[in-house]
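# Results of the structural survey
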Amino acid sequence: MKSLKRQDLIYPELSYQIIGILFEVYNELGPGHHEKYYQKAISKAFKDSNLYFQEQVYTPLIFRDKKVGNYYFDFLIENKIILEIKKGDRFSKKHINQVLAYLRTKSLKLGIIANFGLKGVKFKRIINFNS
């Protein structure tokens, strides 16, 4: 029997689990809610799934040993994957670059952007090739 899982994905099992949770949240809540409500529901679902995660994670932006900025991202799951929640049906270059910047500041490999829109939840995997 052929495996349905791709072998070239970073953290495939954890990614599948996270994406499954995103769909569960959307299926139960439906469209049209504020980002913060989806975030609270995702947090509850992560807890129910016994995933280790941090919410509203602070990370400084350092340049030549000096802090030059502050970032806060929605979730860090298992100290491996950044998850950023957005509302809408399209992925913007701005949001992709935002997640890539988060990945670089934390030296992580994988981020996921989840868009909660009228037509469902869509996700995009963002890979930091510099980590």
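The preceding data block contains the structure.
A brief look at the structure comes next. (Residues numbered from 1 in each chain as written. Predicted model: local features only at pLDDT ≥ 70, side-chain atom pairs only at ≥ 80, totals over all residues. Heavy atoms only, no water.)

What follows concerns the pairing of strand 3 (residues 81-87). When you tally the buried positions in strand 3, you get six out of seven residues, the bulk of the element. Strand direction decides the pairing type here: strand 2 (residues 66-77) and strand 3, joined by three bridges, are antiparallel. Note that in strand 3 the partner of Phe75 across the bridge is Leu83. Connecting strand 2 to the antiparallel partner strand 3 that follows it, the hairpin turn spans three residues, and Glu78 within it adopts a positive phi of roughly 55 degrees. Here seven bridges tie strand 3 to strand 4 (residues 110-117), and the two strands are oriented parallel to one another. Along strand 4, the bridge assignment pairs Leu83 with Ile112. For the handedness criterion, the β-α-β arrangement of strand 3, helix 3 (residues 93-106) and strand 4 is classed as right-handed. (Buried < 20%, exposed > 50% of the residue type's maximum accessible area, 1.4 Å probe, protein only. Helix = DSSP H or I, 4+ residues; strand = E, 2+ residues; numbered from the N terminus. Pairing = 2+ DSSP bridges. Right-handed = clockwise from strand over helix to strand, strands pointing away.)

The terminal C-alpha atoms of helix 1 (residues 12-29), which comprises 18 residues, lie 26 Å apart, in line with the 26 Å expected from a rise of 1.5 Å per residue. All buried positions along helix 1 are accounted for by Leu14, Ser15, Ile18, Ile19, Ile21, Leu22, Val25 and Tyr26. Buried residues along helix 1 cover an arc of 150 degrees about the axis, so they all sit on one side. Seen from the buried face of helix 1, the exposed residues on the opposite side, beyond 90 degrees, are Asn27 and Glu28. If you follow the buried residues of helix 1, they end up packed against helix 2 (35-48), strand 2, strand 3, strand 4 and strand 5 (120-127). (Expected span 1.5 Å × (residues − 1). Arc of directions from axis to C-beta. Contact = heavy atoms within 4.5 Å.)

Residue placement: Glu84 occurs in strand 3. Within the local environment of Glu84, its side chain forms a polar contact with the side chain of Lys86, the two groups lying 3.4 Å apart. (Polar contact = N/O pair within 3.5 Å; in protein donor to acceptor, adjacent residues only side chain to side chain.)

Okay, the sheet that holds strand 4 next. The five strands lie next to each other as 1-2-3-4-5, forming an open sheet whose pairing is mixed. The open sheet has two edge strands with one neighbour each: strand 1 (53-63) and strand 5. The average undirected angle you get between the axes of adjacent strands in this sheet is 35 degrees. Across the sheet, helix 2 lies against strand 1, strand 2, strand 3 and strand 4, angled at about 145 degrees from strand 3, the strand it touches most. (Axes fitted to C-alpha atoms, helices over the stretch in contact; angles between N-to-C directions.)

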